[in-house]
Amino acid sequence: MDIALIAFIMLFPHFGRLPMYAFPFVVLGVIWLYLNLNKESFTSIGFRFADLKMRAFLIGGTIGLLYAAFHYWILGPFITHLGFKSANLSDFNFIRHHFVNYIILILLAAFLVIPFEEIAFRGFIFTRIRAMFKGSFIISGIITSVLFAAYHYQEGLGAMIAIFIFALFITWLYKLFKGNLWYLIFFHIMYDVFMLTVILLGKM
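None of these values were measured; they are calculated from a predicted model.

What counts, and where the lines are drawn
Residues numbered from 1 in each chain as written. Predicted model: local features only at pLDDT ≥ 70, side-chain atom pairs only at ≥ 80, totals over all residues. Heavy atoms only, no water. Helix = DSSP H or I, 4+ residues; strand = E, 2+ residues; numbered from the N terminus. Rg over C-alpha atoms; globule rule 2.2 N^0.38 Å. Buried < 20%, exposed > 50% of the residue type's maximum accessible area, 1.4 Å probe, protein only. Contact = heavy atoms within 4.5 Å. Areas by Shrake-Rupley, 256 points an atom, 1.4 Å probe, with all protein chains shown as cover. Axes fitted to C-alpha atoms, helices over the stretch in contact; angles between N-to-C directions. Parallel < 35°, antiparallel > 145°, perpendicular 65-115°, else oblique. Left-handed = near helix turned anticlockwise from the far one by under 90°. Nonpolar A, V, L, I, M, F, W, Y, C, P; charged D, E, K, R; others polar. Salt bridge = Lys/Arg side-chain N within 4 Å of Asp/Glu carboxyl O. Core = buried A, V, L, I, M, F, W, Y, C linked by side-chain atoms within 4.5 Å. Phe/Tyr/Trp six-rings, centres within 6.5 Å; stacked < 30°, edge-to-face > 60°.

Of regular secondary structure, the protein chain possesses seven helices and zero strands. From first element to last, N terminus to C terminus, the protein chain shows the α and β order α-α-α-α-α-α-α. Over its C-alpha atoms the protein chain spans a radius of gyration of 17 Å, differing by no more than 12% from the 17 Å that the globule rule assigns to 204 residues. Within the protein chain, the fraction of its 204 residues that count as buried is 46%. Restricting the contact set of the protein chain to residue pairs at least 6 apart, pairs at least 24 apart contribute 72%. When the accessible area of the protein chain is evaluated, it comes to approximately 10700 Å², of which 72% is carbon and sulfur surface.

Structure representation (structure tokens):
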């Protein structure tokens with residue numbers, strides 16, 4: 001049953017024909033129902049409102065900005081230098097030089113898409129795979145990172161390599177911050193803010 005739900009999480013956002021602002025509610029609702037049937041909750045997979053602290057925002061967000069700068073000036077160009085095409089960012093053309101669309105997308109990402117991805121991948125999928133592999137953090141982290149990269153297949157192979165490295169790093173943060181998803185959420189938000197700003201300015 002865990003594998004079936006993981007497949008649903010991977011596929012539904014792409015093939016469920018729901019807009020960006022709708023599919024997180026559906027998928028998170030299914031995860032919530034599944035957890036409740038197993039006498040668990042979002043708290044048990046690391047999403048606790050009690051952990052929402054300014055420290056998580058400041059530390060997670062700062063690391064996110066630093067990692068985004070590393071990606072933009074070092075990792076991304078290096079992957080391109082190896083012969084892989086740059087990420088397919090056509091889905092984001094609507095924010096190029098359009099500030100209102102940029103703000104709307106950041107709000108959707110910050111309040112819906114990113115919390116969904118972190119709860120679904122680093123919260124649910126990672127913990128399920130870890131249980132399958134008798135608690136192995138490394139194996140579970142690698143598999144979850146592969147799945148997260150595959151989830152972004154539409155951006156192309158070069159982007160998937162970068163996203164796999166991103167996912168490995170954020171999984172390490174999950175361990176560093178003892179399973180507190182808020183650090184990961186703020187890391188991811190500030191990373192996306194940096195990257196979306198670059199797209200807004202026409203630099204990617």
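Across the interface, helix α5 (residues 137-151) lies against helix α6 (residues 157-176) with an axial gap of 8 Å and an inter-helix angle of 140°. Regarding the angle of α5 to α6, the classification is oblique. Crossing angle aside, the handedness with which α5 passes α6 is right-handed. Contacts from Phe137, Gly141, Ile142, Ser145, Val146, Phe148, Ala149 and Ala150 in α5 reach Met160, Ile163, Phe164, Phe166, Ala167, Leu168, Thr171, Tyr174 and Lys175 in α6. In terms of residue class, the contact of α5 with α6 is built from 13 nonpolar, three polar and one charged.

What follows concerns the pattern of salt bridges. Here the structure, examined in full by the defined rule, presents four salt bridges. With its nearest N and O atoms 2.8 Å apart, the salt bridge here joins arginine 122 to glutamate 118. Of this pair, arginine 122 and glutamate 118 both sit in helix α4 (residues 99-132), four residues apart, which is roughly one turn of that helix. Of the residues examined, glutamate 118 reaches a relative accessible area of 0% and is grouped as buried. One connected set of salt bridges, linked through shared partners, spans Asp2, Glu40 and Arg128.

Right, let's get into the nonpolar core. Residues Ile9, Ile31, Phe42, Phe121 and Phe124 are the most contacted members of the largest nonpolar core, which totals 56 residues. In terms of residue count, helix α7 (residues 181-200) provides more of this core than any other element does, 13 residues in total. Setting aside residues no more than four positions away along its own chain, phenylalanine 42 makes contact with Leu28, Ile31, Trp32, Leu35, Phe47 and Ile119. In terms of nonpolar packing, the next biggest core, distinct from the first, is built from eight residues, Leu89, Ile95, Ile106 and Ile199 among them.

Now for the environment of phenylalanine 94. With respect to the secondary-structure elements, phenylalanine 94 resides in the loop between α3 (54-81) and α4. The exposure class assigned to phenylalanine 94 is partly exposed, which follows from its relative accessible area of 40%. Here the alpha-carbon distance between phenylalanine 94 and leucine 105, two residues 11 residues apart in the chain, equals 9.7 Å. Apart from residues lying up to four places away in sequence, phenylalanine 94 is in contact with Asn101 and Leu105.

The N-to-C vectors of α4 and α5 enclose an angle of 140°; their axes lie 9 Å apart at closest approach. Between α4 and α5, the angle falls in the class oblique. At the point where α4 passes α5, the crossing takes the right-handed sense. Along the contact surface, α4 presents Phe116, Glu117, Phe121, Arg122, Ile125, Phe126, Ile129 and Arg130, while α5 presents Phe137, Ser140, Gly141, Ile143, Thr144, Leu147, Phe148 and Tyr151.

This brings us to the packing of aromatic side chains. When we look at a pair of aromatic rings, we describe it by the centre distance and by the angle of the planes. A complete count under the given rule lists 28 aromatic pairs for this structure. With 5.7 Å between their ring centres and 85° between their planes, tyrosine 34 and phenylalanine 124 make a pair best called edge-to-face. With tyrosine 34 in helix α2 (residues 23-37) and phenylalanine 124 in helix α4, this pair connects stretches of sequence that are 90 residues apart. On the basis of relative accessibility, which here comes to 0%, the residue phenylalanine 124 falls in the buried class. Residues phenylalanine 47 and phenylalanine 49 carry aromatic rings whose centres are separated by 5.1 Å and whose planes lie at 70° to one another, so their mutual orientation is edge-to-face.

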